[in-house]
2 protein chains.
Amino acid sequence: MKRKITLKQIAKELDVSVSTVSKALSDSKEISEDTKQKIQAFAKLYNYRPNNIALSLKNRKTKTIGILIPEIVHHFFSTVIRGIERVANRRGYNVIVGLSNESFTKEIINMEMLAGGSIDGFILSISKETMLKQDYHHFNATIDQGIPIVMFDRVVDEVDCDKVIVDDFKGAVKATEKLIVNKCKNIALITTMDYISVGRLRTQGYLEALKSNNIEANPNLILKIDDTLDVENHIEVLENEIEQFFKTNPKIDGLFAVNELYAVTAMKVARKLGLSIPEDMQVIGFTDGVLSKHATPSLTTVSQHGQKIGEQSANLLIDRLEAMDYDKPSYLANNEPKKDFIKLVIETEIIERESTK
Amino acid sequence: MKRKITLKQIAKELDVSVSTVSKALSDSKEISEDTKQKIQAFAKLYNYRPNNIALSLKNRKTKTIGILIPEIVHHFFSTVIRGIERVANRRGYNVIVGLSNESFTKEIINMEMLAGGSIDGFILSISKETMLKQDYHHFNATIDQGIPIVMFDRVVDEVDCDKVIVDDFKGAVKATEKLIVNKCKNIALITTMDYISVGRLRTQGYLEALKSNNIEANPNLILKIDDTLDVENHIEVLENEIEQFFKTNPKIDGLFAVNELYAVTAMKVARKLGLSIPEDMQVIGFTDGVLSKHATPSLTTVSQHGQKIGEQSANLLIDRLEAMDYDKPSYLANNEPKKDFIKLVIETEIIERESTK
DNA sequence: TTGTATGCGTTATCAG
DNA sequence: CTGATAACGCATACAA
């Protein structure tokens with residue numbers, strides 16, 4: 001096996017100095033055409049590639065972005081990653097992914113690991129456990145170390161950084177109003193516990209839509225799911241909860257669910273109870289994933305544009321990274337991060353399918 | 001903003017040498033308790049973290065694994081990543097993800113980028129375009145550079161490396177035989193073009209099952225989908241093709257599809273044509289993803305155990321990485337990679353749901 | 001017990 | 001035009 005070739009080896013082989021080789025390969029005009037040709041040919045022959053690690057050490061930049069998400073087996077998050085990856089690559093950055101698995105501890109461990117020189121900045125979405133604990137010191141510590149962060153989707157005011165969020169509130173309003181316009185009289189909501197910011201915002205949107213249409217909110221029509229339980233038999237538990245919910249509220253004729261799993265599961269349960277969709281009950285979900293598209297009937301959803309979120313996040317981060325460029329002459333450099341953090345709101349969009357009239 | 005603190009700065013601050021600090025922090029017994037205490041306290045106070053990059057350069061190891069997959073918005077691949085991530089983290093490795101987006105060129109670019117010092121080894125699944133071109137020089141070049149590769153799922157004999165594959169052939173046999181046992185008389189197959197190895201193997205399994213049960217294969221009952229087309233209106237095209245297929249073959253009473261999208265779409269089309277499942281037609285898919293679980297009726301599938309594939313791949317890679325450990329005294333070292341490459345076959349399993357009797 | 005020197009691969013600076 | 005040297009951050013063999 002040929003070990004990767006280095007400048008030093010080329011230099012020795014060709015009996016020149018390392019710096020000559022370095023310069024020749026960067027096509028410096030300091031070097032004679034002859035020598036350049038010789039060195040470049042040799043380098044090509046041996047398939048020379050500069051060692052990124054050495055460059056990172058020297059430049060104090062790794063040109064890679066750390067992504068930290070709660071879960072990868074999740075359509076929304078993979079869509080975001082794809083978006084990040086796309087612009088990152090286009091702008092010359094690599095992407096490294098860490099999974100918190102919704103755990104506070106794992107989030108911290110991953111973060112410290114990556115912050116230890118592997119990455120230039122983070123794009124992340126906060127884990128459920130962290131949101132519950134409301135302990136954000138690790139984010140602030142990272143920022144203090146000069147590593148910028150961009151948060152998306154699950155964000156929090158306590159951390160000063162750029163943020164990209166979905167307009168959860170407005171999306172929920174739109175969805176609920178669609179049901180109202182479609183003549184639903186008893187619109188139910190299936191949501192998560194309040195500590196998940198997106199769940200809370202969507203719930204608020206639902207309430208707001210009712211209110212501004214002079215419909216009194218009925219607490220009985222709101223089902224809050226505790227999804228901290230283990231995932232094993234999650235589905236069965238979910239189905240049972242929803243079944244109970246439907247049985248005790250037989251008048252429900254419209255349903256807004258804060259994610260597509262809840263929506264699809266609800267449709268399944270409804271069908272089991274002999275209801276047909278959208279005739280007896282109209283359903284709208286949040287998150288436009290595979291499930292929505294291929295469910296029966298296909299699900300009307302509020303699309304979050306995950307890929308766009310990823311792209312915008314990456315742009316925000318890289319912009320900031322390049323703004324604190326250390327390469328500039330010091331009188332031009334701007335090492336202090338800007339304090340004006342940006343909060344981008346990505347508009348949602350209702351994708352109409354068969355589950356609404 | 002506090003810049004990350006280094007050994008050098010601590011040394012200066014405490015008026016000792018860099019090596020003293022280094023030793024003190026690794027709790028070397030060469031250093032007096034007094035000095036150690038002082039230095040450790042100071043380091044803790046300033047939240048010292050060693051710079052991975054410097055360590056990588058020194059150790060010629062990055063302790064990170066490069067994953068290269070065709071697509072991330074794909075349940076199977078994210079499951080595999082989760083598996084890889086899990087064992088990688090447990091064994092002290094990080095994970096970095098590159099997306100080829102099914103493109104030959106992007107696969108190469110990503111590969112070269114990561115191979116340039118960022119990673120110790122690759123775990124990858126080959127892009128469609130690469131399989132089509134049958135050009136695998138970049139894999140071999142990487143291996144020649146001393147960077148081991150583990151391939152999973154879409155693998156190829158032309159590259160000498162460890163491989164982890166699903167038993168596609170046997171899985172397809174099992175699925176087809178299940179349909180036969182369930183008394184289907186005209187079993188159809190929806191598959192991909194032959195250059196995708198997994199599609200080919202599954203097709204072979206289907207044929208084998210028919211043959212060993214003395215059923216003559218009918219070429220008309222095999223639908224090959226060309227999925228190189230752009231994804232935009234992919235679904236509609238797919239639906240139309242399947243609809244035609246069903247119309248010209250009205251006797252089909254059993255269907256095996258090589259992925260869950262084809263299976264779910266076929267069920268949708270079947271329903272549209274007035275067929276009920278599983279009464280009129282039984283359906284089995286491959287790949288146990290979200291769609292299968294939540295489809296209506298839920299889909300019987302051949303599960304690939306993606307997470308297990310990921311875990312095994314990571315173990316294979318790390319084992320090999322540690323086998324070529326450079327830290328050992330040279331008379332013990334084993335720098336030449338072992339030539340006996342392992343091909344692990346992960347057994348499939350049929351998950352029975354509502355789409356079969 | 002502590003410090004000095006060296007090297008990992010690269011580039012920039014300055015001297016020849 | 002070419003080469004020697006320092007520096008990035010760290011660990012370690014060796015010297016004091």
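Conventions used here
Residues numbered from 1 in each chain as written. Chains lettered and ligands numbered in written order. Predicted model: local features only at pLDDT ≥ 70, side-chain atom pairs only at ≥ 80, totals over all residues. Heavy atoms only, no water. Helix = DSSP H or I, 4+ residues; strand = E, 2+ residues; numbered from the N terminus. Rg over C-alpha atoms; globule rule 2.2 N^0.38 Å. Areas by Shrake-Rupley, 256 points an atom, 1.4 Å probe, with all protein chains shown as cover. Lys, Arg positive; Asp, Glu negative; His and termini not counted. Charge placed at Lys NZ, Arg CZ, Asp CG, Glu CD. Near = heavy atom within 4 Å. Polar contact = N/O pair within 3.5 Å; in protein donor to acceptor, adjacent residues only side chain to side chain. Nonpolar A, V, L, I, M, F, W, Y, C, P; charged D, E, K, R; others polar. Contact = heavy atoms within 4.5 Å. Buried area = accessible area lost by both parts, 1.4 Å probe. Expected span 1.5 Å × (residues − 1). Buried < 20%, exposed > 50% of the residue type's maximum accessible area, 1.4 Å probe, protein only. pLDDT = per-residue confidence, 0-100. Least-squares fit on C-alpha atoms with pLDDT ≥ 70 in both. Pairing = 2+ DSSP bridges. Axes fitted to C-alpha atoms, helices over the stretch in contact; angles between N-to-C directions.

A count of helices and strands for chain A gives 14 helices and 12 strands. Rg of the C-alpha trace for chain A: 26 Å, well past the compact-globule value of 21 Å for 357 residues, more than 25% over. A principal-axis box enclosing the C-alpha atoms of chain A has dimensions of 85 × 40 × 35 Å. Carbon and sulfur atoms provide 51% of the accessible area of chain A, an area that totals close to 16000 Å². Each charge class in chain A was averaged separately, 47 positive and 50 negative side chains, and the resulting centres sit 6 Å apart.

What follows deals with the protein's contact with DNA strand D. Lining the immediate environment of DNA strand D, one finds 25 residues, of which Thr20(A), Lys23(A), Leu7(B), Lys8(B) and Tyr48(B) sit closest. Protein-proximal atoms of DNA strand D, defined as those within 4 Å of the protein, fall in sugar or phosphate at a share of 60%. Residue Lys8(B) places a side-chain N or O atom 2.7 Å away from a phosphate oxygen belonging to DNA strand D. Mapped onto the surface near DNA strand D, the elements with two or more residues apiece are α2 (18-25) and α4 (52-59) of chain A together with α1 (7-14), α2 (18-25) and α4 (52-59) of chain B. When the residues that make up the surface near DNA strand D are grouped by side-chain class, the tally is eight nonpolar, nine polar and eight charged.

With 62 residues of chain B at the interface, the matching set in chain A holds 62 residues. Buried surface at the junction of chain B and chain A, both sides included, amounts to about 5500 Å², of which 54% is carbon and sulfur. In this structure, the connection of chain B to chain A is made through 14 residue pairs in polar contact (both at pLDDT 80 or more). Considering each element in turn, the side of chain B that touches chain A owes the most residues, eight residues, to helix α5 (residues 75-90) of chain B.

Surrounding DNA strand C, one finds 26 residues, the nearest of these being Leu7(A), Tyr48(A), Ser19(B), Thr20(B) and Lys23(B). The protein-proximal atoms of DNA strand C, defined as those within 4 Å of the protein, are 61% sugar or phosphate. At 2.9 Å, a side-chain N or O of Ser22(A) approaches a phosphate oxygen of DNA strand C. Secondary-structure elements contributing two or more residues to the surface near DNA strand C are α1 (7-14), α2 and α4 of chain A together with α2 and α4 of chain B. Examining the composition of the surface near DNA strand C, we find that four residues originate from one element, α2(A), more than from any other. Its residues placed into classes, the surface near DNA strand C shows nine nonpolar, nine polar and eight charged.

Okay, helix α6 (residues 104-115) of chain B next. All names here are of chain B. The terminal C-alpha atoms of α6 lie 16 Å apart, and with 12 residues this matches the ideal 16 Å at 1.5 Å per residue to within 8%. Within α6, the full set of buried residues consists of Phe104, Glu107, Ile108, Asn110, Met111, Leu114 and Ala115. Sitting at the head of α6, Ser103 places a side-chain oxygen 3.3 Å from the backbone nitrogen of Thr105.

All names here are of chain A. In this model, chain A carries a mean pLDDT of 90, and residues with pLDDT of at least 70 account for 94%. Per-element mean pLDDT across chain A ranges from 88 in strand β2 (residues 94-99) up to 98 in strand β4 (residues 149-152). In this model residues 326-335 is a low-confidence stretch, pLDDT under 50, and it forms 12 contacts with partners more than four residues away in sequence or in other chains.

The relation between the two copies of this chain is a rotation about an axis and a shift parallel to it. Turning chain B through 180 degrees and shifting it by 0.1 Å along the axis lays it on chain A, with an RMSD of 0.1 Å. One copy is carried onto the other by what is essentially a two-fold rotation axis. Within chain B, the C-alpha atom positioned nearest to the axis of rotation is that of Ile96(B), 2.1 Å from it. Both copies present the same face, since 100% of the interface residues in chain B are matched by interface residues at the equivalent positions in chain A.

All names here are of chain A. Strand order in the open sheet made by the six strands is β7-β6-β8-β9-β10-β12, with mixed pairing throughout. The strands lining the two open edges of the sheet, one partner per strand, are β7 (222-225) and β12 (349-351). Adjacent strand axes in the sheet meet at a mean angle of 20 degrees, parallel and antiparallel pairs treated alike. The pairing of strand β8 (residues 254-257) with strand β9 (residues 282-286) spans three bridges and is classified as parallel. The residue of β9 that forms the bridge with Gly254 is Gln282. Sheet strands in contact with helix α9 (residues 168-181) are β6 (187-192), β8, β9, β10 (300-303) and β12, and its direction is about 170 degrees off that of β9. Along the sheet face, helix α11 (residues 234-248) touches β6, β7 and β8 and points at about 165 degrees away from the line of β7.

Residue and element names in this part refer to chain B. Covered by surrounding structure in strand β10 (residues 300-303) are Thr300 and Val302 together with Thr301 and Ser303, the residues of both alternating faces. As paired elements, strand β9 (residues 282-286) and β10 share three bridges and run parallel to each other. When the sheet's bridge partners are listed, Ile284 is paired in β10 with Thr300. Where β10 meets strand β12 (residues 349-351), three bridges bridge the pair, whose relative direction is antiparallel. Bridge pairing in β12 links Val302 to Ile350.

All names here are of chain B. Overall, mixed pairing links the six strands, which are arranged β7-β6-β8-β9-β10-β12 in an open sheet. The open sheet has two edge strands, β7 (222-225) and β12, and neither has a second partner. Within this sheet the neighbouring strands show an average axis-to-axis angle of 20 degrees, counted without direction. Across the sheet, helix α9 (residues 168-181) touches β6 (187-192), β8 (254-257), β9, β10 and β12, and the angle it forms with β9 is around 170 degrees.

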